[in-house]
Amino acid sequence: MVLEGNPEVGSPRTSDLQHRGNKGSCVLSSPGEDAQPGEDPIKYGELIVLGYNGCLASGDKGRRRSRLALSRRPHANGVKPDVLHHISTPLVSKALSNRGQHSISYTLSRSHSVIVEYTHDSDTDMFQIGRSTENMIDFVVTDTSPGGGAAEGPSAQSTISRYACRILCDRRPPYTARIYAAGFDASSNIFLGERAAKWRTPDGLMDGLTTNGVLVMHPAGGFSEDSAPGVWREISVCGNVYTLRDSRSAQQRGKLVENESNVLQDGSLIDLCGATLLWRTPAGLLRAPTLKQLEAQRQEANAARPQCPVGLSTLAFPSPARGRTAPDKQQPWVYVRCGHVHGYHGWGCRRERGPQERECPLCRLVGPYVPLWLGQEAGLCLDPGPPSHAFAPCGHVCSEKTARYWAQTPLPHGTHAFHAACPFCGAWLTGEHGCVRLIFQGPLD
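Residues numbered from 1 in each chain as written. Predicted model: local features only at pLDDT ≥ 70, side-chain atom pairs only at ≥ 80, totals over all residues. Heavy atoms only, no water.

**A short note on a nonpolar patch on the surface**
Link 1 in the chain: A cluster of nonpolar side chains, Val 310, Trp 347 and Leu 362, forms an exposed patch at the surface whose accessible area comes to about 270 Å².
Link 2 in the chain: With respect to the helices and strands, Val 310 occurs in the loop between α3 (291–303) and β18 (333–335).
Link 3 in the chain: On the accessibility criterion, Val 310 (37% relative accessible area) is partly exposed. (Patch = residues over 30% accessible without salt bridge, like charges linked within 9 Å, V, L, I, M, F, W, Y side chains within 5 Å. Areas by Shrake-Rupley, 256 points an atom, 1.4 Å probe, with all protein chains shown as cover. Salt bridge = Lys/Arg side-chain N within 4 Å of Asp/Glu carboxyl O. Helix = DSSP H or I, 4+ residues; strand = E, 2+ residues; numbered from the N terminus. Buried < 20%, exposed > 50% of the residue type's maximum accessible area, 1.4 Å probe, protein only.)

Here's what the structure looks like:
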């Protein structure tokens, strides 16, 4: 039996259910309705996948890339909740057969489902994120492995959902962006099966969580020099905020956090159980260093002519255009326990402790000895400070405040573990602080 427009549950709009879904392709270059010819479209913000230093290893191609700008669409494609139906299972397929009708189906039992239908919303744009390469996914994201080994191809064991989440952006100032778990599939539906965590809310509506969940962390103090990591929360299908479950896919939901919202802030982290994304606002990106500034810092560091304190050879950071290939003869190397920078040499190996373990000839500390690489994804940097610190053990170099922020930010891993990781390659950080101050020796002449 179908109950349409039930006075108790029809038109489900509590805080709009904080729940506005829609579908369509991401528009990066077409001007919005308010933009004049020749003007750039209004930008809502940018998503940056952690673990890639400015570009995927195989190159950014179409919707599969390390960074994506979300811009105002030429025409609104938003939808919002309209009518709730109680429906018997044999009628579910019939009720969801209309591909032009967006809906979310909550399966309560073999004989009972609740379906929420959506209607067009002219005030919002939506961008969908997931592992699927189908057209309704605007940003195709695949699993990122610790240490920079990115699983960019299809993976049968991926933990990222094909339709992981959706971001809804208001088309009018201040262009607020909100995140919701799950995205609409090719049939314009979201299905929460019988085993998925779902429940009826106090006002008679429905809500639920996806299998592996969508976690969000908003930084304290914004994404700036004074930032500090926030608390990880889970976002529901309706955009409500909950404390974390006991494990990633546990049946029991966490507690509702009523004083927090799903509104994305500059520096918000979005974890999809296999990849973590950073949200940057247009205002935040204006404060971030530019690629031109990073290149100027590289040239300034090289102009100081740092030398290897033992071999006395001049060191130089390689050009980003060369990519992270085999280190060249001038590549600076560092002992990550002490921070002393040298040129490459073959002595001091401690093979009983691993192939990368070396004894620093200046201070005798034993630890990893790795080449230094400049962090080239400017959106991951908190400030335009000089490249003075390196992450341990990978050797990616950035400013002190950027290094210390990421070193104290735990990123989700697996079903319940958290590890701080290098934002440029995804390597888990080691040592007491996760990063080290670089000690260069200037030229002797």
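**Side note on unusual backbone geometry**
Link 1 in the chain: A cis amide bond, omega 5 degrees, links Pro 173 with the succeeding residue Pro 174.
Link 2 in the chain: As for its position among the elements, Pro 174 is in the loop between β8 (165–170) and β9 (177–181).
Link 3 in the chain: In this chain, Ala 392 is followed by Pro 393 through a cis amide linkage whose omega measures 10 degrees.
Link 4 in the chain: For Pro 393, the location among the structural elements is in the loop between β23 (389–391) and β24 (396–398).
Link 5 in the chain: With phi around 60 degrees, Cys 273 is a residue other than glycine that occupies positive phi space.
Link 6 in the chain: Positionally, Cys 273 belongs in the loop between β16 (269–271) and β17 (276–280).

**Some thoughts on empty space enclosed by the protein**
Over the atoms a probe the size of a water molecule is rolled, and this reveals where empty space is left.
Link 1 in the chain: This structure, assessed with the given rule, holds three cavities of 30 Å³ or more.
Link 2 in the chain: Approximately 110 Å³ is the volume attributed to the largest cavity.
Link 3 in the chain: Mapped by element, the contributors of at least two residues to the lining of the largest cavity are α3 and β24.
Link 4 in the chain: Among the residues forming the lining of the largest cavity, the class breakdown is eight nonpolar, five polar and one charged. (1 Å grid on protein atoms, 1.4 Å probe; cavity = no way out; pocket = protein on both sides within 12 Å on 5 of 7 lines; lining within 4 Å. Points joined across faces, edges and corners; volume = space filled by probe spheres on them. Nonpolar A, V, L, I, M, F, W, Y, C, P; charged D, E, K, R; others polar.)

**Remarks on the environment of Gly 221**
Link 1 in the chain: Positionally, Gly 221 belongs in the loop between β13 (214–217) and β14 (232–235).
Link 2 in the chain: Gly 221 sits 45 residues away from Asp 266 along the chain, and the two C-alpha atoms are 9.8 Å apart.

**Overview of the nonpolar core**
Link 1 in the chain: Counting residues in hydrophobic clusters, the biggest one holds 49 residues, and the most contacted among them are Ile 167 and Ile 270.
Link 2 in the chain: Residues contacting Ile 167, with those up to four places away along its chain left out, are Leu 47, Leu 70, Asp 125, Met 126, Phe 127, Ile 129, Ala 177, Arg 178, Ile 179, Leu 264 and Ile 270.
Link 3 in the chain: Met 217, Cys 394, Phe 424 and Cys 425 belong to the second-largest nonpolar core, a separate cluster that totals 27 residues. (Core = buried A, V, L, I, M, F, W, Y, C linked by side-chain atoms within 4.5 Å. Contact = heavy atoms within 4.5 Å.)

**Some words on α3**
Link 1 in the chain: End to end, α3 covers 18 Å across 13 residues, agreeing with the expected 18 Å (1.5 Å per residue, within 8%).
Link 2 in the chain: Within the span of α3, buried status applies to Leu 294, Gln 297, Arg 298 and Asn 302. Buried residues of α3, viewed axially, fall in a sector of 135 degrees; they line one side. Opposite the packed face of α3, turned more than 90 degrees from it, sit the exposed residues Lys 292, Glu 300 and Ala 303.
Link 3 in the chain: Where α3 is buried, its residues contact β22 (373–374).
Link 4 in the chain: Arg 305 sits one or two positions beyond α3 and adopts a positive phi of about 50 degrees. (Expected span 1.5 Å × (residues − 1). Arc of directions from axis to C-beta.)

**Details of the pattern of salt bridges**
Link 1 in the chain: Enumeration over the complete set of coordinates arrives at 15 salt bridges.
Link 2 in the chain: Here Glu 377 and Arg 67 are joined by a salt bridge, their closest N and O atoms 2.3 Å apart. Of this pair, Glu 377 sits in the loop between β22 and β23 while Arg 67 sits in strand β2 (residues 67–71); the two residues are 310 residues apart in sequence, bridging distant segments of the chain.
Link 3 in the chain: The exposure class of Glu 377 is buried, given its relative accessible area of 4%.
Link 4 in the chain: A salt bridge links Arg 404 to Glu 400; the nearest nitrogen and oxygen atoms lie 3.1 Å apart. One end of the pair is Arg 404 and the other is Glu 400, both in helix α4 (residues 400–407) and four residues apart, which spans about a single turn.
Link 5 in the chain: Residue class for Glu 400 comes out partly exposed when judged on its relative accessible area of 36%.
Link 6 in the chain: Residues joined in a network through salt bridges with shared partners are Lys 43, Glu 46, Arg 67 and Glu 377.

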